[in-house]
Amino acid sequence: MIKINDQQILNLFLDRDENALGITVQKYGRILFKVAHNILNNNQDAEECVNDTLMQAWKVIPPKQPEFLGAYLAKIVRNFSLQRWRSGGAAKRGGGQGNLILDELQETIPHPNSAEQGFEYAQTLRSINVYLDKMDADSRIVFVRRYFFGDSVQDICTRFNASPSKIKSMLFRARQRLKTHLEKEGIVI
């Protein structure tokens, strides 16, 4: 693992120093690939999403200066991966966790179907962040590992040394509590 902090990497981006890309790959490449691969279950597609993420970072930094570079990059690679998965290419080649993750959350979090629903979607995301802040640490980590990073239930079981039934139960309860929280916030499911 490289011993350079995010601010130093951001400074390289701001200086338009191409070394920023190589250092970013050294520091974050494995986790970005894992996020993409968890969703797509295809090495080539995952690598392309990581490359697209690096290109996107190069385009937007500057002017953007994310506070948490790793999380910012993970969000970008996740979005590229989900777009690729939705386009059908990845689903035809085995699918990965994309379908399972979206199916599990579909009942809880509405997805915008039109531009006017985009505002409501943004409110939903803010409300989800409030909910995540209120969760105990283990439940939050399990929830984020599953629904953001796309980890399989088995990967989470290994990480927490827990049974699949315990992790599935934690996820189910977290989704139910999230649904209740969103309804209290006036968000229609």
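In this report, we go over the structure that sits alongside the text. (Residues numbered from 1 in each chain as written. Predicted model: local features only at pLDDT ≥ 70, side-chain atom pairs only at ≥ 80, totals over all residues. Heavy atoms only, no water.)

1. Topic: the packing of aromatic side chains
Moving on, step 1. On inspection of all chains with the given rule, the structure shows 4 aromatic pairs.
Moving on, step 2. Judged by centre distance (5.9 Å) and plane angle (50°), the ring pair of Phe13 and Trp58 falls under tilted. Linking Phe13 in helix 1 (residues 6–14) with Trp58 in helix 3 (residues 43–60), this pair joins segments that are 45 residues apart in sequence. Trp58 shares its class with Phe13; the two are buried.
Moving on, step 3. The rings of Tyr131, Phe143 and Tyr147 are connected pair by pair, giving a single aromatic cluster. (Phe/Tyr/Trp six-rings, centres within 6.5 Å; stacked < 30°, edge-to-face > 60°. Helix = DSSP H or I, 4+ residues; strand = E, 2+ residues; numbered from the N terminus. Buried < 20%, exposed > 50% of the residue type's maximum accessible area, 1.4 Å probe, protein only.)

2. A word on the pattern of salt bridges
Moving on, step 1. Going through the model one piece at a time under the given rule, you end up with 7 salt bridges.
Moving on, step 2. Across the pair Asp151 and Lys34 runs a salt bridge whose closest N-O atoms are separated by 3.5 Å. With Asp151 in the loop between helix 8 (137–147) and helix 9 (153–160) and Lys34 in helix 2 (residues 19–40), this residue pair connects regions lying 117 residues apart in the sequence.
Moving on, step 3. Residue classification places Asp151 among the buried residues on the basis of a relative accessible area of 2%.
Moving on, step 4. Of the charged contacts in the structure, one is a salt bridge between Arg84 and Glu48, with a shortest N-O distance of 2.9 Å. One end of the pair, Arg84, is in helix 4 (residues 69–86); the other, Glu48, is in helix 3, and 36 residues separate them in sequence.
Moving on, step 5. The exposure class of Glu48 is partly exposed, given its relative accessible area of 30%.
Moving on, step 6. One continuous salt-bridge network, built from bridges that share partners, spans Lys34, Arg145, Asp151 and Asp155. (Salt bridge = Lys/Arg side-chain N within 4 Å of Asp/Glu carboxyl O.)

3. Some remarks on helix 2
Moving on, step 1. At Tyr28, helix 2 shows its maximal bend, which comes to roughly 65°.
Moving on, step 2. Inspection of helix 2 places Ala20, Ile23, Thr24, Lys27, Tyr28, Gly29, Leu32, Val35, Ala36, Asn38, Ile39 and Leu40 among the buried residues, and these make up the whole buried set.
Moving on, step 3. Phi turns positive, to about 55°, at Asn41, one or two residues after helix 2. (Bend = angle between axes of the 7 residues up to and from the residue.)

4. A word on the environment of Asn79
Moving on, step 1. Within the secondary structure, Asn79 sits in helix 4.
Moving on, step 2. The exposure class assigned to Asn79 is partly exposed, which follows from its relative accessible area of 33%.

5. Here's the deal with the side chain of Asp151
Moving on, step 1. Of note is the side chain of Asp151, whose polar atom sits 3.5 Å from the side chain of Lys34.
Moving on, step 2. Within the structure, the side chain of Asp151 is placed 2.9 Å from the side chain of Asn38, a separation counted as a polar contact. (Polar contact = N/O pair within 3.5 Å; in protein donor to acceptor, adjacent residues only side chain to side chain.)

Read these as layout, nothing more, since geometry by itself doesn't imply function.
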